[in-house]
Amino acid sequence: MSAYWETLSHNGVNFPEEYVPSGLTIKVNGAEAQLTPLAEEMAYHLAKKKDTPYIQDPVFTSNFMKDFSKLLPPAYRRATYSEVDFSRFFNQVDQERADKESMSKEKKKSLAAKRKNSREALKARYGRATVDGKEVEIANWMVEPPGLFMGRGQHPLRGSWKPRVTQDDVILNLDEKTTAPAGKWKQVVHDHNSMWMAKWVDKLTEKEKYVWLHETSPIQQSRNMAKYDKAQAVGKNLDRIRSKIEEGLESNDEVAAQVATVCYLIDRLGMRVGDEKDEDEADTVGASTLRVEHVQIDGPTVEFKFLGKDSVPWLKKDTPPPAVVRNLKRLTSGKSQDAEVFHHVSSQMVNQFLSSIVPGLSAKVFRTYHATATADEVLHSKNFSHAEDLDKLYHAKEANLAAAVFCNHQRTPPKTWEQSLEKKKERLELARASGSEARAQKLEREVDFYVRTKNYNLNTSMKNYIDPRVYKKWCDEVGLEWAKVYSKSLQKKFSWVSPEDAVSEPGVGVSPPASGAKHSP
DNA sequence: AATGAGACTTGGAAAAATGTTT
DNA sequence: AAACATTTTTCCAAGTCTCATT
């Protein structure tokens, strides 16, 4: 492994402010109980969730109580959630909301400005690093504050207290010549082979948390470009890759056959590979970790139904080649519902197989390649030489939607979705009634798109999957500013594509990346 | 060679910012 | 200019994948 940087200096990380106790108390079975500052902080965080579904979730509240009750006077340490009266905290939160609500416009504005100012001041100190003599932004320079763990889906730890990170939890990464900022750090390292600025271990989940450079930094820029180059290599080699997979499907070697079947699902259905997960995480799966209960074979068609990353429902029907159906039948019959279909396969084996075909190829590259190819295909499915910008823009969104659907980037629609649709329909009817044909057509398309994107999240595909060069090329072809397609932050993220089009911000983020991804030592 | 810790990328929800309608 | 709707950004959880270690 070679170095990412020669010199690296920064001012460490910014820690969130201490909680200021207000002396609020609770009642346990009707009796007053005093709280330690930490217990009060926890109760306050719980109260902040008072009007959300989380607080209705018994696992959430019982996990909360597990951590909270430890801090109560001995007599109350066995208290359950329903025995505790948090109403003073709930009232406090309601009061704060009401105060905020009734604030004058001016007051709100001045408070917002003040927040922004102090944030800017902190950012000036902690938000940038000097890498190889060049100043670059740091992405997440604020340390995560303590709070209730908000795991997705049925995460076993949801509602648990995520403790505060202190300076002596944090390891800094700096060059040898830089003096570490004052105070006692857990450790200061000079790891040129790592991109992180700082890290610590989350005390609740025991997972490593990292502080990274901003996407505009040369290191991230060149890695981002390399990612899409790798995806292009899939396209160039797709026939060869697929014939290797087909060959594997027929193999008498059980391991090879299973690996190949997993690769079919990754390539053709866009599944993630699915690493093994711990007991104390949400139960989600990917291709290699599918269980019998997730696969339904009906003649030549197979239905896959499971919870994927972030507990997002994943549902696809497919009519695979006979070899795949045969393998799936063999691997699901005679097993219990909760048995793994591909009991011989690990994600490492899948990646080892893939990289034996194309060096550096791994499972996730298929999603990048196919999302990009899908968007590209939709973009070029129609001629836009004489269209309006708005038409072009919608077409760009269509391409994005197709990629998001392929990747199964689903969202929970906003609470106001239905009523918003009604309003749109009303406006459409109004336009029709008044005979304004052009406006009616516009609104019709708006309604149609609104309905089709109801359950889809269009940000992730734009940010992580579609090669920005595809949009850049298409925009140039049809004469559309690419700034209309990408938000400011995405323009900056993708400034490696065309520095001249990027939003300019003095000093930071607009220069092209260094030619090599890493320095040679 | 297999395993798991560590490093890096991807992800939806919620907050904040911006745009539109009343 | 308030109220509401939509878009963008932030947050940090949750994946993937490599490499050091045994």
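Residues numbered from 1 in each chain as written. Chains lettered and ligands numbered in written order. Predicted model: local features only at pLDDT ≥ 70, side-chain atom pairs only at ≥ 80, totals over all residues. Heavy atoms only, no water.

Pulling in residues and values, what's your account of the pattern of salt bridges?
Applying the stated rule across the entire model yields 38 salt bridges. Salt-bridge contacts for Asp 267 lead to Arg 268; the nearest nitrogen and oxygen are separated by 3.7 Å. What makes Asp 267 buried here is its relative accessible area of 2%. For Arg 268, a relative accessible area of 40% corresponds to the partly exposed category. Where Arg 432 meets Glu 429, a salt bridge forms, and the shortest distance between an N and an O atom there is 3.1 Å. Here Glu 429 and Arg 432 lie together in helix H11 (residues 417-433), a separation of 3 residues that amounts to about one turn. Residue classification places Glu 429 among the partly exposed residues on the basis of a relative accessible area of 45%. Each of the salt bridges in this network shares a partner with another, and the network as a whole consists of Lys 50, Asp 51, Asp 94 and Arg 97. (Salt bridge = Lys/Arg side-chain N within 4 Å of Asp/Glu carboxyl O. Buried < 20%, exposed > 50% of the residue type's maximum accessible area, 1.4 Å probe, protein only. Helix = DSSP H or I, 4+ residues; strand = E, 2+ residues; numbered from the N terminus.)

Hey, could you go over helix H2 (residues 58-69) for me, with residue numbers and the actual values?
With 12 residues, H2 ought to run about 16 Å at 1.5 Å a step, and its terminal C-alpha atoms sit 15 Å apart, in line with that. For H2, the elements touching its buried residues are strand E2 (26-28), helix H1 (37-48), strand E4 (84-85), strand E7 (147-148) and strand E8 (161-162). (Expected span 1.5 Å × (residues − 1). Contact = heavy atoms within 4.5 Å.)

Requested: an account of the protein's contact with DNA strand C, with residues and values cited.
The full set close to DNA strand C counts 33 residues, and Lys 209, Lys 277, Lys 364, Ser 420 and Lys 424 are the nearest of them. A share of 84% of the atoms of DNA strand C within 4 Å of the protein falls on sugar and phosphate groups. Here a phosphate oxygen of DNA strand C sits 2.8 Å away from a polar atom, N or O, in the main chain of Asp 275. At the level of secondary structure, the elements contributing two or more residues to the surface near DNA strand C comprise helix H4 (105-126), helix H8 (347-357), H11 and helix H15 (488-493). Looking at the surface near DNA strand C element by element, the count peaks at 4 residues for H11. Tallied by class, residues from the surface near DNA strand C come to 5 nonpolar, 13 polar and 15 charged. (Near = heavy atom within 4 Å. Polar contact = N/O pair within 3.5 Å; in protein donor to acceptor, adjacent residues only side chain to side chain. Nonpolar A, V, L, I, M, F, W, Y, C, P; charged D, E, K, R; others polar.)

An account of the nonpolar core is requested, with residue identities and associated values reported.
By size, the foremost hydrophobic cluster in this structure holds 43 residues, and its most contacted members are Leu 265, Met 271, Leu 290, Phe 304 and Phe 342. For this core, the secondary-structure elements that each account for two or more residues are helix H5 (218-249), helix H6 (254-269), strand E14 (301-307), helix H7 (322-332), H8 and helix H9 (364-379). Broken down by element, this core gets its largest block of residues, 8 residues, from H6. Those residues in contact with Phe 342 that lie beyond four places of it in its chain are Gln 258, Thr 261, Val 262, Leu 265, Ala 287, Ser 288, Leu 290, Leu 328 and Leu 331. The next biggest cluster of nonpolar side chains, apart from the first, holds 26 residues, and it includes Leu 480, Val 485, Trp 496 and Val 497. (Core = buried A, V, L, I, M, F, W, Y, C linked by side-chain atoms within 4.5 Å.)

Can you lay out empty space enclosed by the protein for me, pointing to particular residues and giving the numbers?
Under the definition given, this model contains 2 cavities of 30 Å³ or more. Roughly 50 Å³ of internal volume is contained in the second largest cavity. Among the residues making up the lining of the second largest cavity, the classes are represented as 4 nonpolar, no polar and 4 charged. (1 Å grid on protein atoms, 1.4 Å probe; cavity = no way out; pocket = protein on both sides within 12 Å on 5 of 7 lines; lining within 4 Å. Points joined across faces, edges and corners; volume = space filled by probe spheres on them.)

Could you give me a rundown of the domain arrangement of chain A, with the residues and numbers involved?
According to the domain assignment, chain A contains domain 1 (8-16 + 124-213), domain 2 (26-110), domain 3 (238-357) and domain 4 (367-519). Distance between the C-alpha centres of domain 2 and domain 3: 45 Å. (Domains from an automatic or database assignment.)

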